[in-house]
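# Structure assessment
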Amino acid sequence: MKFDKGLIAGSSTLLVLTLLESGDMYGYQMIEELSRRSNDAFQFQEGTLYPILHGLEKGKYLSGYQQQAPSGRMRKYYRLTRKGREPAFRFAGCFITVMGLLSAVLSVLGILFAGPLVSLFADGYDAQTAELAVSLTRVMFPTVLFTGVAFSFVGILQAMDRFNVPALISTVSNLVIIGYFFFLDERFGVYGLAAAYLLGWLLQAVVQAPSLRRLDFRYRPDFSFRSEGMRKAFALMGPVMISTWVQPINLTINTKFGSRLYEGAGVSAMEYSTNLYLVIAGVFILSITNVIFPRLSRLTAEHQEGAFRDTLRQTIHGSLFFVLPMAAGLMVLARPMVSFLYGGGEFDEFSVSITSEALVWVSLGMVGYGLQNILSRAYFARQKGKVPLAAGAASILVNVLLCMALAQRMGVAGLALSSAVSSTVYALLLDIPLELRGEGVLSRSFLLDLGKMALATALMAVGAWAVAGLTEGLLPGKAGELLTLGASAAAGVAVYFPAAVLLRLDEGQLALKMVKRVWKRG
């Protein structure tokens, strides 16, 4: 397919600048990359490209330097200067300004109205517990501001094809929280935990600052709220916020019902189990979505629908390969894990029991949680927010109705099951429209592979459960719990991956090849 030369000439400068946003390139590499991304729709000639590069370099939009290419030949590479990135940076500055103002206002309102919020969402508390909840709510509300800034930074870095640091930010905050539990919990208590959460979320923004500086990004407040880019951002902001906040909103709903259970202890059980669940599932799943979203957005911009669908299907297939055994492992090892991390002091045997029970049931929703995060990014990459908005609202309603029906009958298990079903419903409501348009993932081969994964997961769960029973009580205290967790996890891995290989799952075959390669090097 060939395009009119006038059209190519008119858009060629923009095409070159867009290409270089993904990294430094030399001339011939740009020609090849543009041809690949456009399925040969755009085919630059050297006589067209190099005058453009020289003009952009002269205008200080690009800078050039000599470097050896992978082929061994010296090439002149081009990179965007700050002037070349100026339009993108201007939009980024405006977006950060909007998100900063919005999240700051929400933080201030949350601090001022903490009392009514606690009364609304935790009406089962006694007076002393309610007073503590109000105080902690005021301490925690600045996380809204830190979150808004941190994820604005994520968007900038991902737009520039910088994925590593954004993928690690959840790990940073989780390490702060885990470190607090291990070393400082007994000394500083619940207020120290609140401070640890604040520090963790603040660090999610701070750790990205060096990467932004390396891109020569400098934040300048910008109030151009009526620009074309901001109008598109505002159109998607509501659906994106609902999609992102489904889990916190559901946790808030569960907290309201949990405050009426076990004299308010249901709140702690749901919060601790959900936080542990999100630490384990969230780091893996959010790392995937941080990488896939920019790629899907780019494929949409390049009108590569086939590659878009293939990328989505491969991502979901690969994610399920890991999420299924992770969910099963959490269910099997819920009690020793909760006891090891939280047990001791005021977190007595009853607290361990109800928290581990909640963890078992909430883990049933891990597959739905993973799928909803991936599928919602597919919609947002296409700048379509209505389906995620409606699906998110429906899933929240499902959670409310199930909490009303199950809370008194099943206790925290009912609340956790409500959350799990809500996540699953959200994922299904996102997938059904894709399936109806022939863009979904449910094919005969996919369902067959899903069955194989389920079988391998079942075998893994049996193996981990057996080893947990054999090692329980061999050593006293935390050492015994750590032994049980480590031995059971190792047994699960030792069963799952060989089973995946025997069942001829692609991921299992890939893992086998990697092991063989490492073995040969050793």
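The structure under discussion appears in the preceding block.
Criteria and cut-off values
Residues numbered from 1 in each chain as written. Predicted model: local features only at pLDDT ≥ 70, side-chain atom pairs only at ≥ 80, totals over all residues. Heavy atoms only, no water. Salt bridge = Lys/Arg side-chain N within 4 Å of Asp/Glu carboxyl O. Helix = DSSP H or I, 4+ residues; strand = E, 2+ residues; numbered from the N terminus. Buried < 20%, exposed > 50% of the residue type's maximum accessible area, 1.4 Å probe, protein only. Pairing = 2+ DSSP bridges. Expected span 1.5 Å × (residues − 1). Arc of directions from axis to C-beta. Axes fitted to C-alpha atoms, helices over the stretch in contact; angles between N-to-C directions. Parallel < 35°, antiparallel > 145°, perpendicular 65-115°, else oblique. Left-handed = near helix turned anticlockwise from the far one by under 90°. Contact = heavy atoms within 4.5 Å. Nonpolar A, V, L, I, M, F, W, Y, C, P; charged D, E, K, R; others polar. Phe/Tyr/Trp six-rings, centres within 6.5 Å; stacked < 30°, edge-to-face > 60°. Lys NZ or Arg CZ within 6 Å of the ring centre and 35° of its normal. Core = buried A, V, L, I, M, F, W, Y, C linked by side-chain atoms within 4.5 Å. Patch = residues over 30% accessible without salt bridge, like charges linked within 9 Å, V, L, I, M, F, W, Y side chains within 5 Å. Areas by Shrake-Rupley, 256 points an atom, 1.4 Å probe, with all protein chains shown as cover. Lys, Arg positive; Asp, Glu negative; His and termini not counted. Charge placed at Lys NZ, Arg CZ, Asp CG, Glu CD. Polar contact = N/O pair within 3.5 Å; in protein donor to acceptor, adjacent residues only side chain to side chain.

Before going further, it helps to examine the pattern of salt bridges. Summed over the entire model, instances satisfying the criterion amount to five salt bridges. Ionic pairing is found between aspartate 24 and arginine 79, a salt bridge with its closest N-O pair at 3.3 Å. Of this pair, aspartate 24 sits in the loop between helix H1 (5–20) and strand S1 (25–26) while arginine 79 sits in strand S3 (residues 74–80), placing them 55 residues apart in sequence. Relative accessible area serves as the criterion here: at 36%, arginine 79 is assigned to the partly exposed category. For arginine 335, the salt bridge identified is with glutamate 349, shortest N-O distance 1.9 Å. Residue arginine 335 is located in helix H14 (residues 334–342), and its partner glutamate 349 is located in helix H15 (residues 349–362); the two are separated by 14 residues in the primary sequence. Under the relative-accessibility criterion, arginine 335 is labelled partly exposed at 35%. The network of salt bridges with shared partners includes Arg382, Arg437 and Glu439.

Quick look at the sheet that holds strand S2 (residues 62–68) now. In spatial order, the strands read S1-S3-S2; together these three strands make up an open sheet with antiparallel pairing. Among the strands making up the open sheet, the edge pair consists of S1 and S2. Note that S1 and S3 share two bridges and pair antiparallel. For tyrosine 26, the partnering residue across the bridge sits in S3 and is tyrosine 77.

Now for helix H3 (residues 46–58). With 13 residues, H3 extends 18 Å from end C-alpha to end C-alpha; this agrees with the ideal 18 Å at 1.5 Å per step. Buried within H3 we find Leu49, Ile52, Leu53 and Leu56. Down the axis of H3, the buried side of the element spans an arc of 100°, and every buried residue falls inside it. Facing away from the buried side of H3 by more than 90 degrees, the exposed set consists of Gly47, Pro51 and Lys58.

This part covers the packing of H14 against H15. Packing of H14 against H15 brings their axes to within 8 Å, and their N-to-C directions diverge by 130°. Between H14 and H15, the interaxial angle falls into the category oblique. H15 is crossed by H14, and the crossing has right-handed handedness. In this structure, H14 contributes Ala334, Arg335, Val338 and Ser339 to the contact, and H15 contributes Glu349, Val352, Ser353, Thr355, Ser356, Leu359 and Val360. A breakdown of the residues in the contact of H14 with H15 according to their chemical character gives five nonpolar, four polar and two charged.

Tallying each qualifying case throughout the model produces 13 aromatic pairs. For the ring pair phenylalanine 151 and tryptophan 201, a centre distance of 6.4 Å and an interplane angle of 50° mean the geometry is tilted. A residue pair is termed long-range when its members are at least 10 positions apart, and phenylalanine 151 in helix H7 (residues 143–159) and tryptophan 201 in helix H9 (residues 185–206) qualify at 50 residues. Judged by relative accessible area, phenylalanine 151 falls into the partly exposed class, the value being 39%. Between phenylalanine 321 and tyrosine 496, the ring centres sit 5.1 Å apart and the planes meet at 50°, which makes this aromatic pair tilted. Of the two residues, phenylalanine 321 sits in helix H13 (residues 305–332) while tyrosine 496 sits in helix H20 (residues 477–502), which places them 175 residues apart along the sequence. Comparing phenylalanine 321 with tyrosine 496 shows no difference in burial state: the two are buried. Members of the aromatic cluster, connected to one another through ring pairs, are Phe321, Phe322, Tyr496 and Phe497. Looking at arginine 260, its charged tip hangs above the ring of phenylalanine 257, at a distance of 5.3 Å from the centre.

Residues Ile316 and Leu359 are the most contacted members of the largest nonpolar core, which totals 74 residues. Residue contributions to this core peak at 10 residues, all from H13. Aside from chain neighbours lying at most four places away, what touches leucine 359 is Ser273, Leu276, Tyr277, Leu330, Ala334 and Val338.

This part covers the packing of H13 against H20. Put simply, H13 and H20 touch, their axes get as near as 12 Å, and they point 145° apart. When you trace H13 past H20, the crossing you get is right-handed. Along its contact with H13, which presents Phe321, Phe322 and Pro325, the element H20 presents Tyr496, Phe497 and Ala500.

Below, the discussion takes up a positive patch on the surface. Together, Lys513, Lys516, Arg517, Lys520 and Arg521 make up a positively charged patch on the protein surface. Considering the arrangement of structural elements, one finds lysine 520 in helix H21 (residues 506–521). Judged by relative accessible area, lysine 520 falls into the exposed class, the value being 72%.

This part covers the side chain of serine 152. Secondary-structure assignment places serine 152 in helix H7. We classify serine 152 as buried; its relative accessible area is 4%. Separated by 2.7 Å, the side chain of serine 152 and the backbone oxygen of glycine 148 make a polar contact.

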